[in-house]
Every structure is written in C-alpha cells, then in structure tokens.
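Here is how the chains run, residue by residue.
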Amino acid sequence: MPEGVETYAELAGRILRRPARLGRTRLVAVDGPSGAGKTSFAARLAAALRVATGTAPDDADLTAGSAGTIGRGPAGPADPAGPAGRAGRDEADPVPVVHTDDLLDGWADQFTFWPRLEEWVLAPLRAGRPGRYRRYDWHAGRFADPWIVVPPAPVVILEGVSSARAVVAAELTLAVYVTAPVRLRRDRALARDGADLLPQLRRWWQGERRHFAADRTVARADVVVDGAAAPSHDPAGRFRRLR
C-alpha cells in the first residue's frame, strides 16, 4: 500500500477479513527495532480489534498503550503494560498480546528464544489448543510463575524484535514493521532501561541490525509504520503508514 494515514480500526478490519494461517488463529506480528514504538502500536491495535469483534469493555480506550517494552535489568523502569499491569488480564483477553521480551532468557537470548516460543505458544495454537508461557523476570534473572494462558483466539498479536522473522512468515496473517529515527529509538531505550545498561543495549542494537538485514524483514512486511509520533497525541486512533 502507498504511504498515508490509516486508523487502527481500518487495520483491524483488514486483519479480520484475512484468513487464519496458524490453526484457527490469525497471528499478527508487530516487529521492528528497540524503541521504535512496537508495544504502543500493538496495544492500540489490540484495542481496535476488541472493538471490531465486540469484545471490548465499555470503557475501551484506543489511546491505551505503554511507552516501550518491559524495562530490562535492575535499572529498567516498571512498564504499565508489563508484568504488574498485565497480571490477571491475559487469560480472559479476547485479543492476547504476547511480548517476545517476556520469553527471553536474559540478554544473550535475543534471537535464540524462538524454540521456547514455538513449544509453549505457536505449536499449541497451531493445533487449536491454548498455549502458555512464563514471563522472564529481568530483575530476578529467571522465569517466574504463574503460567500465562494464550487461548486460540481469532487474533493473537506477537510483539517484539524478530517476531515477524522468515520462519513464521507463512503462518502470519499480517506482518507489521514499526520504525523510527535512530536517535529517537536510542533515547527511548535509554530512558526505559537506564544508562547503566548501555553496554548491553549497544550489543542489542548491533544484533538487531544484523538480524533485520539478513532476514529482510522490512521487505517482507505487509505494513511499515512510522513509530516516531506519540500515540497519546492522536485521540482519533490513527497512525502514519510508510508502506
């Protein structure tokens, strides 16, 4: 599609008109580099999908969403959409959002987490059964209880770096790539995770650059989104589509 402005409601409608490719589930990947705005985009898309499917609470708000992914390491700030904010909502959520950061076994697991995602979430959904996973506690350095259930819902959103990787492309109903200028992305990451984690962040940034170049993620994405604008500044629920 050409560059332009689209509403989350319009994108939700497009997703629901497309066929499920992971069992009975439409799997939507929201990919892109760290700090691009993936978590906010995924939250707003999930809210629009709940409205479109008639499963949204009466006080649904399309401006909902966090400023970034879960804070990593001891300097990472609490995320309102992170473990504390999401606890107790996942099992009943009609449009589950699975964050790949929750499945990483520390910083070194940036891309090697995929077998865990496949075993815990994708394989069960493919078979029409509920998936489940435990969230990694970045402060304690281990996976924490309880297990989070992912029902075989009509739409499941997978958000995080490498979520739209080539190995799952054939089973994605839609692949979204969110991008933003390098300086803005790095400022967001540092604000979220803290300057003390700069060495780990630099390795992370190098790793994601190599991954996206080898995986050709942008070229394969169905939608490329400008993540530079703050969602809270757009009460109408729109986003800028670069492609």
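What counts, and at which threshold
Residues numbered from 1 in each chain as written. Predicted model: local features only at pLDDT ≥ 70, side-chain atom pairs only at ≥ 80, totals over all residues. Heavy atoms only, no water. Salt bridge = Lys/Arg side-chain N within 4 Å of Asp/Glu carboxyl O. Helix = DSSP H or I, 4+ residues; strand = E, 2+ residues; numbered from the N terminus. Buried < 20%, exposed > 50% of the residue type's maximum accessible area, 1.4 Å probe, protein only. Core = buried A, V, L, I, M, F, W, Y, C linked by side-chain atoms within 4.5 Å. Contact = heavy atoms within 4.5 Å. pLDDT = per-residue confidence, 0-100. Phe/Tyr/Trp six-rings, centres within 6.5 Å; stacked < 30°, edge-to-face > 60°. Lys NZ or Arg CZ within 6 Å of the ring centre and 35° of its normal.

Q: Account for the pattern of salt bridges, with residues named and values stated.
A: Inspection of every chain in the model, using the stated rule, returns 14 salt bridges. Here Asp-222 ties to Arg-18 by a salt bridge, and the two come within 3.9 Å at their closest N and O atoms. With Asp-222 in the loop between helix H7 (217-220) and strand S10 (223-226) and Arg-18 in the loop between helix H1 (8-17) and strand S2 (26-31), the pair connects residues that are 204 residues apart, well separated along the chain. Residue class for Arg-18 comes out partly exposed when judged on its relative accessible area of 28%. Here Glu-171 makes a salt bridge to Arg-126, at a shortest N to O gap of 2.7 Å. Note that Glu-171 is positioned in the loop between strand S8 (155-159) and strand S9 (172-179) and Arg-126 in helix H4 (residues 114-126), a separation of 45 residues in sequence.

Q: Kindly report on the nonpolar core, identifying the contributing residues and their values.
A: The biggest cluster of nonpolar side chains holds 35 residues, and the ones touching the most others in it are Leu-27, Leu-117, Val-121, Leu-122 and Tyr-133. Considering each element in turn, this core owes the most residues, six residues, to H4. Each residue touching Leu-117, except ones within four places of it in the same chain, is listed here: Leu-103, Leu-122 and Leu-158. Core analysis: the second largest hydrophobic core is formed by 23 residues, Val-28, Ala-48, Leu-174 and Val-176 among them.

Q: Outline the confidence of the model for the protein, listing residues and values.
A: Across the protein, pLDDT averages 86, with 82% of residues at or above 70. Scored below 50 in pLDDT, residues 63-70 shows 31 contacts in the model against residues more than four places distant or in partner chains. Across residues 73-91, confidence stays below pLDDT 50; counting only partners more than four residues off in sequence or on other chains, it has 38 contacts.

Q: I'd like to hear about the packing of aromatic side chains, residue by residue, with values.
A: Within this structure, the stated rule accounts for eleven aromatic pairs. Where Trp-107 meets Trp-204, the ring centres are 5.8 Å apart and the plane angle is 90°; that geometry is what we call edge-to-face. Here Trp-107, found in the loop between strand S3 (97-99) and H4, pairs with Trp-204, found in helix H6 (residues 198-215); they are 97 residues apart in sequence, far enough to count as distant. Consider the rings of Phe-113 and Trp-114, whose centres lie 5.8 Å apart with planes at 55°: the pair is tilted. Cluster of aromatic residues (ring-pair linked, three or more members): Trp-107, Trp-120, Tyr-136, Trp-138, Phe-143, Trp-147 and Trp-204. Sitting over the face of the ring of Trp-147, Arg-132 holds its NZ or CZ atom 4.0 Å from the ring centroid. Over the aromatic face of Phe-113 sits the side chain of Arg-165, whose NZ or CZ is 5.3 Å from the ring centroid.

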